Every structure is written in C-alpha cells, then in structure tokens.
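# Architecture and fold: a report
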Amino acid sequence: MRDLGAGFRYLLKGQRWVARHGRSYGFGLLPGLVTLVLYAAVLVALALWGEDAVTWATPFADDWSSPWAGLFRGFLTAVLFALALLLAVVTFTAVTLLIGQPFYENLSEKVDRDVSPDGYAPESGLPLWRELWISARDSLRIVVRAALWGVLLFGCGFIPVVGQTVVPVVGIFVTGFFLTEELTAVALQRRGVELRTRLALLRSRKTLVWGFGAPLAAAFLVPFVAVFLMPGAVAGATLMARDLLGEEIDEGGEAGEQAATTFPQPPSGSPSPGR
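Let us look at the structure shown here. Sequence order as written defines the numbering, with residues in each chain counted from 1. For this predicted model, a pLDDT threshold of at least 70 governs which residues receive local features, and a threshold of 80 or more governs which side-chain atom pairs are given and counted, while totals over whole chains, interfaces and linings are taken from all residues. Each side-chain value is derived from all of the structure's non-hydrogen atoms; neither hydrogens nor water enter the calculation.

Another point: helix α6 (residues 162–190). Secondary structure elements follow DSSP: runs of H or I of four or more residues count as helices, runs of E of two or more count as strands, with numbering from the N terminus. Helix span, as expected, comes to 1.5 Å for every residue beyond the first. In a regular helix each residue adds 1.5 Å, so 29 residues correspond to 42 Å; α6 covers 41 Å between its end C-alpha atoms and thus fits that length. Axes are fitted to the seven residues ending at a residue and to the seven starting at it; the angle between these axes is taken as the bend at that residue. Approximately 40 degrees is the largest bend angle found in α6, and it occurs at Thr184. Phi turns positive, to about 80 degrees, at Gly192, one or two residues after α6.

Have a look at this one:
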C-alpha cells in the first residue's frame, strides 16, 4: 500500500514540476495536440461511415428479414466504434510519445538534471532515427500486448454482474500498467534499458506502477485531459524511473518538493551530496 501512495505522488510531483517550468510544459503539449486531432478525425470518420463499412462487410445479412439485419449491423457498428475508442485510449500515449520523441526526451533530461545530486542526465548517445526506431518497435510490442488484454476484457464485459463491476476496474489497472511502461520508457530507454528488463522492473513494483498509472488511465478517459497531463506524466515517470533503478533524487535541489524518494537529510551546515 505504501508503494501505491508513492506512485500517485510521483504523478502529482510530475505535474507540479511542469507547472514550475512553463516553457517545457508548452512544448510538451504540442505532440498531444497533434495526436488528438488525428485520432478525432479517425473517430469522426468512423462515426459517419462506420455503418456503411459494416454493411459492405456483411453482404450475407442482406437477405435477412426485418428487423434482424438492422439490429445485427447496428450491434457490429457499436462494437466497431467501442473497439476503436478502446484502441485510441491504449495507443494514444505510444503515438504521442513517438510523435513527440525529441520534445519528451528533452523534458525528461531536464527533470533528471534537476533532481540529480550532481546535475547529470544520462544520454543514449544514439542518433535520432535510431531512437525513433527503437521507440516505435517497443511501442508496437506494448500495443499488441495491450490490445490482447483489451479484447479479453471486452469479451469478459458480457459476463453478467462481473462484466459491469470487476472488468472495468481491472481494465483501468491493466491500462495503467501499459501507460506507465510507455512513459517510463522515455527515461529508461535513454539509459539503455531494454524492453524485457523494463517490464521486469515494473512487474517487481506493481503497486507502485498502479499507483501512478491507474489514476492516469482513468483521467485519460476524459476527452482532452490526456493532452494536458502528458508533459507532467513524462516528468513524473522520469522520477519513478530513477526510483526503479535505485538512483538518488536530490531533495535539496530546485525540484525540492518534486523529488519522490526520501533520503536522510545532511546535518545542518553540511554540504549537500554531490556538491
């Protein structure tokens, strides 16, 4: 339970960090806005022409008597839109991080420098195209995993009572886990941590991950909220990545209260670590 609260504090401290660094926050909004416009266009198109697409894909229902053909196709249209909406929620972070790779890398580095006792921020040393390729490859693997969970939970949603109570809660926690993986990947990938190792790190601290990711996943269900929370989520995930790797967080630097790990404070009058 302690880790659960710590994860939520990372989320809050990340939002406070970007609130105090307005320029980084402004640049961090741009990728989310671009992704939001793209996703909105796709969902609007699906709402307008989804029924036509379903009709085209189900010619065998043309000879069905009324009202069965209409009910069947209406149900498939609703399922198609629901799956598209679920996929949009699951993939929004991955696509936004891919589009905004340079923006979020820069933001994450600034957070690292701010909370590192010696002001050091790890760098990958890779060219941008290589970083984009690794990010796209790993994001696709995560999206596939998340999509499989999404299909499973969607099917379980038809179970009476359980589907309307337990399944939505489980869905929030599953989505939160994958969101956290995508967000911490910005800092961990810079440190050369491979996907398999990242997943092992997150699984070893599941309650920490859920404390960070579950509230974020719930907030992302509200339209437009994801765009405004994304920069702070990257900042908070960078702090959490340092915790996962056992890296010290300077309590006395500019971040001050933004730091998320408690370390013994030096005696009054003694110099801070690394200074």
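With that settled, the discussion passes to the layout of surface pockets. The distinction between a cavity and a pocket rests on a 1 Å grid over the protein atoms alone: a 1.4 Å probe fits inside a cavity but cannot get out, while a pocket stays open yet meets protein on both sides within 12 Å along at least five of seven lines, and a residue with an atom within 4 Å of a point counts as lining. Grid points are joined across faces, edges and corners, and a volume is the space filled by probe spheres set on the points. In this structure, the largest pocket spans a volume of roughly 900 Å³. Taken together, 38 residues line the largest pocket, and the ones lying closest to its centre are Leu85, Leu86, Val89, Val90 and Leu221. Mapped onto the lining of the largest pocket, the elements with two or more residues apiece are α2 (22–57), α3 (68–99), α5 (128–156), α6 and α8 (206–220). At ten residues, α6 tops the list of elements feeding residues into the lining of the largest pocket.

Here we come to the nonpolar core. Core analysis: the largest hydrophobic core is formed by 45 residues, its most contacted members being Leu107, Leu183, Phe212, Leu216, Met230 and Val234. It is helix α9 (residues 225–244) that contributes the most residues to this core, ten residues altogether. A contact between two residues is defined here by any heavy atoms of the two lying within 4.5 Å. The residues touching Met230, leaving out its near neighbours within four places in the chain, are Phe92, Thr93, Thr96, Tyr104, Leu183 and Phe220. With five residues, the next largest nonpolar core counts Ala187, Leu188, Val193 and Leu201 among its residues. As used in this record, nonpolar core signifies buried Ala, Val, Leu, Ile, Met, Phe, Trp, Tyr and Cys residues forming a set joined through side-chain atoms within 4.5 Å. Only protein chains enter the accessibility calculation, which uses a 1.4 Å probe. A residue is then buried if its area is under 20% of the maximum for its type, exposed if over 50%, and partly exposed in between.

Moving on, we get to empty space enclosed by the protein. Inspection of the entire model under this criterion finds one cavity of 30 Å³ or more. There is about 110 Å³ of room inside the largest cavity. Elements with a contribution of two residues or more to the lining of the largest cavity: α4 (101–115), α5 and α6. A per-element tally of the lining of the largest cavity places α6 first, with five residues.

Moving on to the side chain of Gln15. Looking at the element boundaries, Gln15 is found in helix α1 (residues 2–20). Filtering out sequence-adjacent residues up to four positions away, Gln15 remains in contact with Phe228, Leu229, Gly232 and Ala233.

In this section: the side chain of Thr35. Note on placement: Thr35 falls in helix α2. You can call Thr35 buried: its relative accessible area is 0%. By the criterion applied in these results, polar contacts are pairs of N or O atoms within 3.5 Å in which, for protein atoms, one can donate a hydrogen and the other can accept it, and in which residues neighboring in sequence qualify only through two side-chain atoms. Within the local environment of Thr35, its side chain forms a polar contact with the backbone oxygen of Pro31, the two atoms lying 2.9 Å apart. Setting aside residues up to four positions removed in sequence, Thr35 forms contacts with Phe92, Val95, Thr96 and Ile99.

On to the environment of Leu244. Tracing the chain through its elements places Leu244 in helix α9. On a C-alpha basis, the gap between Leu244 and Ser204 in space is 9.1 Å, while along the polypeptide they are 40 residues apart. Non-local contacts of Leu244, meaning those with residues more than four positions away in its chain, are made with Leu201, Leu202, Arg205 and Leu208.

In the sections that follow, a salt bridge refers to a side-chain nitrogen of Lys or Arg positioned within 4 Å of a carboxyl oxygen of Asp or Glu. For the structure shown, the criterion picks out 15 salt bridges. Where Asp62 meets Arg73, a salt bridge forms, and the shortest distance between an N and an O atom there is 2.6 Å. With a gap of eleven residues between them, Asp62 in the loop between α2 and α3 and Arg73 in helix α3 connect regions that are remote in the sequence. Of the charged contacts in the structure, one is a salt bridge between Asp112 and Arg191, with a shortest N-O distance of 2.9 Å. Within this pair, whereas Asp112 is found in helix α4, its partner Arg191 is found in the loop between α6 and α7 (195–204), the two being separated by 79 residues in sequence. The two residues Asp112 and Arg191 agree in class, both being buried. Beyond isolated ion pairs, a larger network of salt bridges with shared partners links Glu105, Asp112, Arg190, Arg191, Arg242 and Glu247.

Across the interface, α1 lies against α9 with an axial gap of 7 Å and an inter-helix angle of 120 degrees. Considering the angle they form, α1 stands oblique to α9. Note that α1 runs across α9; the crossing there is right-handed. Two secondary-structure elements touch here, α1 through Tyr10, Lys13, Gly14, Gln15, Trp17 and Val18 and α9 through Phe228, Leu229, Pro231, Gly232, Ala233, Ala235, Gly236, Leu239, Met240 and Asp243. In this analysis, axes come from line fits to C-alpha atoms, helices being fitted only over the stretch in contact, and the angle between any two N-to-C directions falls in the range 0 to 180 degrees. Should an angle fall under 35 degrees it is called roughly parallel, over 145 degrees roughly antiparallel, and 65 to 115 degrees roughly perpendicular, with every other angle called oblique. With the far helix as reference, a near helix turned anticlockwise by less than a right angle produces a left-handed crossing, and one turned clockwise produces a right-handed crossing.

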